[in-house]
Amino acid sequence: LDQSVREILSELPEQWSAVTVAHCLSHTSGLPDVSEPDTVNIIPIAGERNKVLELIAQRPVASAPGAVSSYNGAGILILSMIIERITNQSYESFVEQRLLKPLAIEGMAFGDSWAVIPNRASLYTALKPNAERTRIAIVNGQPTFDKDRIYAFGSKGTPDWMNSAAGINASLAAMISW
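Residues numbered from 1 in each chain as written. Predicted model: local features only at pLDDT ≥ 70, side-chain atom pairs only at ≥ 80, totals over all residues. Heavy atoms only, no water.

1. A few points about the overall build of the chain
Next up, step 1: On a plain count of helices and strands, the chain comes out with 7 helices and 6 strands.
Next up, step 2: Counting only contacts in the chain whose residues sit at least 6 apart along the sequence, the fraction spanning at least 24 positions is 64%.
Next up, step 3: Of the roughly 10500 Å² of accessible surface on the chain, 54% is carried by carbon and sulfur atoms. (Helix = DSSP H or I, 4+ residues; strand = E, 2+ residues; numbered from the N terminus. Contact = heavy atoms within 4.5 Å. Areas by Shrake-Rupley, 256 points an atom, 1.4 Å probe, with all protein chains shown as cover.)

2. Some details on the nonpolar core
Generally speaking, nonpolar side chains in soluble globular proteins are found buried as a group.
Next up, step 1: Counting residues in hydrophobic clusters, the biggest one holds 21 residues, and the most contacted among them are V5, W16 and I78.
Next up, step 2: The greatest single-element share of this core, amounting to 6 residues, is contributed by helix α4 (residues 73-87).
Next up, step 3: Excluding residues within four positions of it along the chain, V5 makes contact with L12, W16, V19, T20, V21, C24, I78 and I82.
Next up, step 4: Counting residues in hydrophobic clusters, the runner-up holds 9 residues, among them F94, I105, M108 and F110. (Core = buried A, V, L, I, M, F, W, Y, C linked by side-chain atoms within 4.5 Å. Buried < 20%, exposed > 50% of the residue type's maximum accessible area, 1.4 Å probe, protein only.)

3. Section: the packing of helix α3 (residues 49-57) against α4
Next up, step 1: Interhelical geometry of α3 versus α4 gives an angle of 130 degrees and a closest axis separation of 12 Å. Between α3 and α4, the interaxial angle falls into the category oblique. Regarding α3 and α4, the two cross each other, and that crossing is left-handed. Between α3 and α4, the contacting residues are R49, V52, L53 and I56 on the first element and A74, L77, M81 and E84 on the second.
Next up, step 2: Along the lines of polarity and charge, the residues of the contact of α3 with α4 split into 6 nonpolar, no polar and 2 charged. (Axes fitted to C-alpha atoms, helices over the stretch in contact; angles between N-to-C directions. Parallel < 35°, antiparallel > 145°, perpendicular 65-115°, else oblique. Left-handed = near helix turned anticlockwise from the far one by under 90°. Nonpolar A, V, L, I, M, F, W, Y, C, P; charged D, E, K, R; others polar.)

Structure representation (structure tokens):
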């Protein structure tokens with residue numbers, strides 16, 4: 001856990017050499033985030049994983065590794081890349097083979113929150129979606145509430161490379177098993 005992420009993933013920027021696996025696990029990496037600066041919606045800064053890594057490598061680090069605890073999708077992305085590198089399989093296959101199958105958990109699947117998954121536990125909200133229903137509507141920097149409607153909550157088009165942060169869905173029975 002104390003190994004530098006760059007020792008495992010040599011393609012990461014040199015300036016990230018002080019970031020360890022433990023920093024990524026504890027959200028103390030100090031790396032720039034992979035999402036747009038929107039406190040409500042999780043919108044990646046680019047659609048492709050390599051492009052996201054390229055873009056955040058150009059941004060200054062938010063803090064020294066280990067100094068501040070702050071939820072960060074960059075650390076989760078790096079952890080999924082480490083799993084892929086070490087196991088020679090996708091993050092999704094690793095989770096299915098090492099966790100879900102041995103525990104006999106059914107009713108969990110990867111996909112964004114609009115994916116159709118039988119018996120999935122869904123979220124509902126009074127927050128208004130935007131016209132395209134791709135994210136929560138923001139007015140004057142704040143989400144808006146609808147006083148007489150409830151909406152199915154979800155984000156569309158979450159890239160597969162974000163599955164480690166926000167891509168597994170489950171039925172209530174699967175969540176209980178977990």
